[in-house]
Amino acid sequence: MYNNEIISLVQEMLDANANKVKQELIDLMKYQPAYGMTVRECSQKIVDCLERLAVQEDKITAFNKMRDRLLNVEQTSHLARD
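Described in the following lines is the structure provided in the data block. Counting of residues starts from 1 at the beginning of each chain's written sequence and follows it residue by residue. A pLDDT threshold of at least 70 governs which residues receive local features in this predicted model, and a stricter bar of 80 or more applies before side-chain atom pairs are shown or counted, although totals over entire chains, interfaces and linings include all residues. Excluding hydrogens and water, the side-chain figures rest on all heavy atoms present in the structure.

## A word on the overall build of the protein chain
Turning to step 1, where the next piece is worked out: Here a helix means four or more residues in a row that DSSP labels H or I, a strand means two or more in a row labelled E, and each is numbered from the N terminus. Helix and strand content of the protein chain: 2 helices and 0 strands.
Turning to step 2, where the next piece is worked out: The buried label goes to any residue with under 20% of its type's maximum accessible area, the exposed label to any with over 50%, and the partly exposed label to all in between, with areas taken from a 1.4 Å probe on protein chains only. Evaluated residue by residue, the protein chain yields a buried proportion of 18% over its 82 residues.
Turning to step 3, where the next piece is worked out: Any two residues whose heavy atoms approach within 4.5 Å are treated as being in contact. Long-range contacts, defined as pairs at least 24 residues apart, comprise 72% of the intrachain contacts of the protein chain with a sequence gap of at least 6.
Turning to step 4, where the next piece is worked out: For every accessible area listed, the method is Shrake-Rupley and the probe measures 1.4 Å; residues are considered covered only by the protein chains on display. A total of about 6700 Å² of accessible surface is found on the protein chain, and carbon and sulfur atoms cover 56% of it.

## Observations regarding the side chain of Gln-56
Turning to step 1, where the next piece is worked out: Mapped onto the secondary structure, Gln-56 falls in helix H2 (residues 39-75).
Turning to step 2, where the next piece is worked out: Gln-56 has contacts with Leu-14, Asn-17, Ala-18 and Val-21, leaving out every residue within four places of it along the chain.

## What to know about the environment of Val-21
Turning to step 1, where the next piece is worked out: Inspection of the secondary structure assignment puts Val-21 in helix H1 (residues 2-35).
Turning to step 2, where the next piece is worked out: Residue class for Val-21 comes out buried when judged on its relative accessible area of 7%.
Turning to step 3, where the next piece is worked out: Remark: the alpha-carbon pair of Val-21 and Cys-49, spanning 28 residues in sequence, is separated by 6.4 Å.
Turning to step 4, where the next piece is worked out: Leave out the neighbours within four places in its chain, and Val-21 touches Cys-49, Arg-52, Leu-53 and Gln-56.

## A closer look at the nonpolar core
Turning to step 1, where the next piece is worked out: What is meant by a nonpolar core is a set of buried Ala, Val, Leu, Ile, Met, Phe, Trp, Tyr and Cys residues, joined one to another through side-chain atoms within 4.5 Å. Judged by nonpolar contacts, Leu-25, Leu-28, Met-37, Cys-42, Ile-46 and Cys-49 together constitute the single largest core of 6 residues.
Turning to step 2, where the next piece is worked out: The set of elements that each furnish at least two residues to this core consists of H1 and H2.
Turning to step 3, where the next piece is worked out: Looking at which element gives the most residues to this core, the answer is H2, with 3 residues.
Turning to step 4, where the next piece is worked out: Those residues within four positions of Cys-42 in sequence are excluded, and the remaining contacts are Leu-28, Gln-32 and Met-37.

Laid out in structure tokens, this is it:
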């Protein structure tokens, strides 16, 4: 049960971080003229956002692989320590 709680918290954190970057990207594309940026400046910021989004998605993918291990460990019977 303890591992399930950890998994839920980490998933929420990773999803929140990814959603924050996605929202920043949407705002850049939507409100670029309001920020007074040139197309080139906006393009550079969008590329930066996309790179950060790729990093967040890589973290989510890696965590999904580890999640199965955590759940398997929780279901494995443990030996008592001396």
